[in-house]
Amino acid sequence: MPTVACDHDEGALGLRLADRHALVSAEDEEGVAEVAEREEVGGLVAPGIDRPVLVAARVAARLGLPHPLDPETAERAVSKLAQRRAFEAAGVPQPRWELAAPGASNTVLQAPGSPVVVKPPDRQGQVGISLVRSPEDFAPAVEQAVSASRSGEALVEELVEGPEVTVNAFSSGGEFRALTVTDRVVAEPPAFGVALAHVWPSEEAVEDAVAAARAAAEALGIREGPTYTQIRLGPDGPRVIELAARLGGGHDAELCDAALGIDLNALALAAAFGRRATVPEARPAGGACVRFLVAPPGRLEGVEGFGEVLELPGVLDAVPYRPPGHEFGPLRAGNDRAGFVLARGDSRADALERAEAAAERIRFVVR
Ligand SMILES: Nc1ncnc2c1ncn2[C@@H]1O[C@H](COP(=O)(O)OP(=O)(O)OP(=O)(O)O)[C@@H](O)[C@H]1O
Ligand SMILES: [Mg+2]
């Protein structure tokens, strides 16, 4: 099936993998609509990033194409604020939250000593997000979130402490089916919330997490297609951080294939064409993981070891994200990561060990 990829970045990996491409931002609704019309596409899919989920739904509606989400549902799915309101109305467990206006210097959530998370309601990839532990850091955090935000608002949330899982699921005809539940290994502040690994199977309370993810999808009215739900398992149970109505951006579909033998990309494509897809029977492996790679700061001169590690047992894929010449800064957000390794093993620990062994042989040569 021929594919047409849209990206504003000439260096984007997907442009080279697609049959044809257009140098159009996936956030540019007019541009995407023009390409879709000219190419007479049969469906649109926005994997991995949030805003294009809304663009794809709107363009599909304009062109009369089948699509898993109508524009109103997509609108809710790409706004953390709309999600907070929908979850509240439906009783979905979530962090306590409030909205902060530009210039706000305190918060009712921040009782002495209790940390809060401040974030723009309509961004992703940890852009503009901060963990605030002391009152004097609150105003600058709000300012940072407001300036990163499309809407000029900042969302303030209680910090839910505890392990974090991601529920990757697929809905068909309103039936929510959980596929992989993975542990999200996160970096320490200042890289607050940045995923360093997704590990399957999870060691946490998987059933509680799945119930919360299902409730979240229902509250947003998502009946078709993939969902990716971030959940922290706090002392009082699961709390939904947010849901994305798409494939996860951390190679989650490839991880699902490695873990369960289920091609989640194919399911997402079927949904994009308006076909009713049935989730096949799982053929579970012992363990699988995606481990992200971080380069030392500096200008990238080259990479070593990516080819060689593919020969190691259980290593299914290993790819650098950036071409030579890229300037790596310190790790602050997901976009600062340098590559990934996908590995499978007899158990979760075995998969992790294999990914680790591969990561140790990979070098980012920077100046
Ligand atoms: N209220 C919270 N309590 C605890 N941890 C949080 C909270 N909000 C965010 N986090 C942490 O930060 C990560 C990113 O949060 P969030 O999804 O809100 O931001 P994002 O910019 O959309 O990031 P991503 O693109 O990774 O989804 C979460 O996965 C979690 O680890
Ligand atoms: Mg998120």
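Residues numbered from 1 in each chain as written. Chains lettered and ligands numbered in written order. Predicted model: local features only at pLDDT ≥ 70, side-chain atom pairs only at ≥ 80, totals over all residues.

Trainee: How should I be thinking about the overall build of the protein chain in this particular structure?
Mentor: The helix and strand inventory of the protein chain stands at eleven helices and 17 strands. Computed over its C-alpha atoms, the radius of gyration of the protein chain comes to 20 Å, within 12% of the 21 Å expected for a compact globule of 367 residues. Each principal axis of the C-alpha atoms in the protein chain carries an extent, and together these give about 55 × 50 × 40 Å. For the protein chain, the residues scored as buried account for 48% of the 367 residues in total. In the protein chain, of all internal contacts separated by at least 6 residues, the share reaching a separation of at least 24 is 64%. (Helix = DSSP H or I, 4+ residues; strand = E, 2+ residues; numbered from the N terminus. Rg over C-alpha atoms; globule rule 2.2 N^0.38 Å. Buried ≥ 20, exposed ≤ 12 C-beta atoms within 10 Å, placed from the backbone. Contact = placed C-beta atoms within 7 Å.)

Trainee: What am I meant to see in the nonpolar core here?
Mentor: Side chains that are nonpolar tend, in soluble globular proteins, to be buried together. Core analysis: the biggest nonpolar cluster contains 92 residues, and Ala 77, Ala 216 and Val 341 have the highest contact counts within it. Considering every element that reaches this core, the biggest residue donor is helix H7 (residues 206-220), with nine residues. Taken domain by domain, the makeup of this core includes at least three residues from each of domain 1 (4-77) and domain 3 (286-367). Apart from the residues within four sequence positions on either side, Ala 216 is in contact with Phe 87, Val 92, Thr 229, Val 240 and Leu 243. Grouped together as the second largest cluster of nonpolar side chains are 14 residues, Ala 100, Val 117, Val 118 and Ile 129 included. (Core = buried A, V, L, I, M, F, W, Y, C linked by C-beta atoms within 7 Å. Domains from an automatic or database assignment.)

Trainee: What should I look at first to understand the site of ligand 1 in this one?
Mentor: In the vicinity of ligand 1 lie 21 residues, with Pro 95, Gln 124, Glu 157, Val 160 and Gly 193 positioned nearest. Listed by contribution, the elements that provide at least two residues to the shell around ligand 1 are strand S4 (116-119), strand S10 (225-234) and strand S11 (237-244). For the shell around ligand 1, a count of residues per class yields nine nonpolar, six polar and six charged. (Near = placed C-beta within 6 Å. Nonpolar A, V, L, I, M, F, W, Y, C, P; charged D, E, K, R; others polar.)

Trainee: Please explain the sheet that holds strand S17 (residues 363-366) as it appears in this structure.
Mentor: Paired through backbone hydrogen bonds, the strands of a sheet run either parallel or antiparallel to each other. Ordered in space as S15-S13-S17, the three strands form an open sheet in which the pairing is antiparallel. Each edge of the sheet is formed by a strand with only one pairing partner; in this case those strands are strand S15 (327-328) and S17. (Pairing = 2+ DSSP bridges.)

Trainee: Whenever I open this one, the packing of helix H2 (residues 29-38) against helix H3 (residues 51-63) confuses me. Can you help?
Mentor: The axes of two packed helices give the description: the angle between them and the distance between them. H3 packs onto H2 with a crossing angle of 50 degrees between their chain directions and a minimal axis gap of 10 Å. Between H2 and H3, the angle falls in the class oblique. Considering how the two elements wind past one another, H2 and H3 form a crossing that is right-handed. When H2 is examined against H3, the residues Glu 29, Val 32, Ala 33, Ala 36 and Glu 37 are found in contact with a partner set consisting of Val 55, Arg 58, Val 59, Arg 62 and Leu 63. Here the contact of H2 with H3 is built from residues that sort into six nonpolar, no polar and four charged. (Axes fitted to C-alpha atoms, helices over the stretch in contact; angles between N-to-C directions. Parallel < 35°, antiparallel > 145°, perpendicular 65-115°, else oblique. Left-handed = near helix turned anticlockwise from the far one by under 90°.)

Trainee: Even after reading the chapter, I still don't get the sheet that holds strand S6 (residues 154-158), so can you show me in this structure?
Mentor: With antiparallel pairing, four strands are arranged side by side in an open sheet as S3-S6-S4-S5. One side of each edge strand has no neighbouring strand; the edge strands of this open sheet are strand S3 (97-100) and strand S5 (130-132). Neighbour-to-neighbour, the strand axes of the sheet open up by a mean angle of 25 degrees, direction not taken into account. In this structure, S3 lies alongside S6, joined through four bridges in antiparallel fashion. What sits directly across from Glu 98, in S6, is Val 156.

Trainee: Sorry if this is basic, but what is going on with the domain arrangement of the protein chain here?
Mentor: Interfaces are often described in size by the accessible area the parts lose on coming together. Domains assigned within the protein chain are domain 1 (4-77), domain 2 (96-158) and domain 3 (286-367). Here the C-alpha centroids of domain 2 and domain 3 sit 32 Å apart.

Trainee: Explain the pairing of strand S8 (residues 175-186) to me, please; I cannot follow it from the model alone.
Mentor: For a regular strand, side-chain orientation follows a simple rule: the groups alternate between the two sheet faces. In this sheet, S8 lies alongside strand S7 (residues 164-172) in antiparallel orientation, the contact comprising seven bridges. Bridged to Ser 171 within S8 is Phe 176. In terms of strand pairing, S8 meets strand S9 (residues 195-200) through four bridges, oriented antiparallel. Opposite Arg 184, over in S9, you have His 198 as the bridge partner.

Trainee: Looking at this structure, I do not really get helix H11 (residues 348-361). What am I missing?
Mentor: Since the α-helix turns once every 3.6 residues, residues separated by three or four places project in the same direction. Compared with an ideal rise of 1.5 Å per residue, which puts 14 residues at 20 Å, H11 spans 21 Å between its outermost C-alpha atoms and is within 8% of the ideal. Along H11, the residues that are buried comprise Arg 348, Ala 351, Arg 354, Ala 355, Ala 358 and Ala 359. With its buried residues spanning 140 degrees around the axis, H11 presents them on a single face. Structurally, H11 contributes buried residues whose contacts are with S9, strand S12 (287-293), helix H10 (306-309), strand S14 (315-320) and strand S16 (339-345). (Expected span 1.5 Å × (residues − 1). Arc of directions from axis to C-beta.)

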